Amino acid sequence: MSVLKGKHILLGVTGGIAAYKAAFLVRLFVKEGADVKVIMTKDAEEFVTPLTLSTLSKNPVVSSFTDKEKNWNNHVELAEWADLFVIAPATANTLAKMVQGKSDNLLVTTYLSAKCPVYVAPAMDLDMYQHSTTERNLRHLSESKHLIIEPESGELASGLTGKGRMAEPENIVQYIKNQLSSQLPLWGKTVLITAGPTYEAIDPVRFIGNHSSGKMGFALAQIALDFGAQVHLITGPTALDMSHEHLTMQRVVSAEQMYQGALEVYSKADIVIAAAAVSDYRPKHQFNQKIKKTEDHLTLELVKNPDILKTLGEQKKQQFLVGFALETNNEVENAKQKLLKKNLDMIVLNSLQDKGAGFKKDTNRISIITKTDFSRFDTKSKDKVAFDIFQSIFEHINAR
Ligand code: C5P
């Protein structure tokens, strides 16, 4: 999910040739899932039509204090609506008005009312950009917490070549996404998650496995990505799929493969959540050919799989380590024992006795247990459960 999804973006377009690029910018914002409203200055309307921008943004475009029917365009409401105010292109004239606090058009008046972060993408000719007044104005805006998206170098409309052309729309969007992401709680953090079942081969067609769907682990991975983390998801066989620029997904089959995968990534991880339902045992011998049903009795000898989570607990350094426990009896006591035995920071208990919890379901009912706390949650969708788990992790990490 994009950090811009659902964000209210107010785009201010001022009167420079780069205003034509505002159309591409609106499209990119909309593609990211943002809700876009556009304010233009009168001069900007000479370069790009309000109809183009209203069609692309699917919202009316405003440029004066009143519309044709003399209804007031409420600048305070617009400013309050906005989560981000992006002024692109920002001419030297508009920059100067912003610094001076002028309010002689709807755009700068709305700017004065805005309390949200303001991004400014200047666009002007080389000499105007280098002028000491423009330099001073940009420095002033930057020092007062405005985010300046620097212009790029290249051919300018005047025929000169140099710095002054508005950053390309893709770069403006990327700048804003990076800046928003850098404020997310898991930005710069690595989260390792194990998910799904493991399959332990008996012969080329049969295996020992379990009913885990991987839904809980995938929901946790999604929330970690939404919070800005770099996520390494190691999953056993599942029909689920997901992709994200910050996600590395490693598909494995057996517990041994999951164990190897987890150990490789572990030293880099800040938070580790073992949501996989790992087979405790595997057949001692794997048959090369399909076993024939010639005998009345067949005995399979099983050997123990490595306990991935326990090994991670033994090697724990900076990691915040979270395990899952699926219990059928004496649940809380058993989960607490596991927390200690595996050296965990937190254990998430789900009980098969609870309706709405367990394998293949879209919902789960959990309790979160740490050495000091016990909290029981209502039955919720696995997405919401994943959110609750991360909230608890943040609380405990902050209290460390
Ligand atoms: O001991 P038990 O299997 O009940 O512990 C469950 C927790 O341990 C889960 O978090 C599960 O992912 C993890 N586990 C593991 N490796 C195993 C068995 C369980 O990582 N071999």
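None of these values were measured; they are calculated from a predicted model.

What counts and what doesn't
- Residues numbered from 1 in each chain as written.
- Predicted model: local features only at pLDDT ≥ 70, side-chain atom pairs only at ≥ 80, totals over all residues.
- Heavy atoms only, no water.
- Near = heavy atom within 4 Å.
- Polar contact = N/O pair within 3.5 Å; in protein donor to acceptor, adjacent residues only side chain to side chain.
- Areas by Shrake-Rupley, 256 points an atom, 1.4 Å probe, with all protein chains shown as cover.
- Nonpolar A, V, L, I, M, F, W, Y, C, P; charged D, E, K, R; others polar.
- Pairing = 2+ DSSP bridges.
- Helix = DSSP H or I, 4+ residues; strand = E, 2+ residues; numbered from the N terminus.
- Axes fitted to C-alpha atoms, helices over the stretch in contact; angles between N-to-C directions.
- Patch = residues over 30% accessible without salt bridge, like charges linked within 9 Å, V, L, I, M, F, W, Y side chains within 5 Å.
- Salt bridge = Lys/Arg side-chain N within 4 Å of Asp/Glu carboxyl O.
- Contact = heavy atoms within 4.5 Å.
- Core = buried A, V, L, I, M, F, W, Y, C linked by side-chain atoms within 4.5 Å.
- Buried < 20%, exposed > 50% of the residue type's maximum accessible area, 1.4 Å probe, protein only.
- Parallel < 35°, antiparallel > 145°, perpendicular 65-115°, else oblique.
- Domains from an automatic or database assignment.
- 1 Å grid on protein atoms, 1.4 Å probe; cavity = no way out; pocket = protein on both sides within 12 Å on 5 of 7 lines; lining within 4 Å.
- Points joined across faces, edges and corners; volume = space filled by probe spheres on them.
- Right-handed = clockwise from strand over helix to strand, strands pointing away.

Right, let's get into the site of the ligand. The immediate surroundings of the ligand are formed by A274, A276, V278, D280, P306, D307, I308, L309, G323, F324, K338 and K342. Within the backbone of A276, one N or O atom sits 2.6 Å away from an oxygen atom of the ligand. For the ligand, the protein covers 86% of the area, taking 450 Å² as the surface of the free molecule. In terms of residue class, the shell around the ligand is made up of seven nonpolar, one polar and four charged.

Let's shift gears to the sheet that holds strand β20 (residues 366-369). Backbone-to-backbone hydrogen bonds pair the strands of a sheet. The strands run either parallel or antiparallel. Read across the open sheet, the eight strands follow the order β13-β12-β9-β14-β17-β18-β20-β21; overall the sheet is mixed. Bordering the open sheet on either side are β13 (247-251) and β21 (374-376), each of which pairs with just one other strand. Recorded for the sheet is a direction-independent mean angle of 15 degrees between the axes of neighbouring strands. Alignment of strand β14 (residues 271-274) against strand β17 (residues 320-327), held across four bridges, turns out to be parallel. Residue pairing in the sheet places I273 in a bridge with V322 of β17.

Together, Y281, F287, L298, L300 and L302 make up a nonpolar patch on the protein surface, roughly 450 Å² of accessible area in all. Within the secondary structure layout, F287 lies in the loop between β15 (281-283) and β16 (302-304).

Our next topic: the sheet that holds strand β5 (residues 118-122). Sheet architecture is open: six strands sit in the order β3-β2-β1-β4-β5-β6, paired in parallel fashion. Only two strands of the sheet have a single partner each, and these edge strands are β3 (61-62) and β6 (147-148). Two elements, strand β1 (residues 8-13) and strand β4 (residues 84-90), share four bridges in a ladder whose sense is parallel. Note on β4: the bridge partner recorded for G12 is I87. In the packing of helix α1 (residues 22-31) onto the sheet, the strands contacted are β1, β2 (35-40) and β4, and the crossing angle to β1 comes to about 175 degrees.

Counting 35 residues, the largest nonpolar core has L220, I389 and F390 as its most contacted members. Among the elements of the structure, β9 (190-195), α9 (215-226), β12 (230-235), β14, β17, β18 (346-351), β20 and α13 (382-398) are those that each provide at least two residues to this core. Not counting chain neighbours up to four residues away, the residues in contact with L220 comprise I193, I273, A275, F324, A386, I389 and F390. Membership of the second largest hydrophobic core comes to 34 residues, among which are L11, V26, A123 and I172.

Bringing the packing of α1 against helix α2 (residues 50-57) into the picture now. The N-to-C vectors of α1 and α2 enclose an angle of 10 degrees; their axes lie 9 Å apart at closest approach. Taken as axis vectors, α1 and α2 run roughly parallel relative to one another. Note on element contacts: α2 touches α1 through T52, L53, L56 and S57, opposite A22, A23, V26, R27 and V30. Grouping the amino acids of the contact of α1 with α2 by side-chain chemistry returns six nonpolar, two polar and one charged.

This next bit is on the environment of S279. Within the secondary structure, S279 is located in the loop between β14 and β15. The exposure class of S279 is buried, given its relative accessible area of 6%. Along the primary structure S279 and P197 are separated by 82 residues, whereas in three dimensions their C-alpha atoms are 7.3 Å apart. For S279, the residues in contact, after removing those within four places along its chain, are T198, E200, I208, A255 and N305.

Segmenting the chain into domains produces domain 1 (8-181) and domain 2 (190-398). Distance between the C-alpha centres of domain 1 and domain 2: 47 Å.

This part is about the layout of surface pockets. A volume near 930 Å³ is recorded for the largest pocket. Lining of the largest pocket is provided by 36 residues; of these, A276, A277, V278, F324 and L326 occupy positions nearest its centre. Residue assignment for the lining of the largest pocket shows that the elements contributing at least two residues are α9, α11 (308-314), β17 and α12 (331-341). At four residues, β17 tops the list of elements feeding residues into the lining of the largest pocket. In the lining of the largest pocket, the residues fall into 13 nonpolar, twelve polar and eleven charged. Roughly 400 Å³ of volume is contained in the second largest pocket. Listed by contribution, the elements that provide at least two residues to the lining of the second largest pocket are α8 (169-181) and α9. With five residues, α8 is the largest single contributor of residues to the lining of the second largest pocket.

Within β17, seven of the eight residues are buried, which leaves it mostly tucked inside the rest of the structure. For β17 and β18, the ladder comprises six bridges, and the chain directions are parallel. Along β18, the bridge assignment pairs V322 with M346. Following the backbone out of β17, through α12 and into the adjacent parallel β18, one traces a crossover that is right-handed.

This part is about unusual backbone geometry. Cis geometry marks the peptide bond from A88 to P89, where omega comes out at -5 degrees. Mapped onto the fold, P89 is located in strand β4. Backbone geometry at N330 places phi at a positive 45 degrees, although glycine is not the residue there. Note on placement: N330 falls in the loop between β17 and α12. Judged by its relative accessible area of 53%, N330 is exposed.

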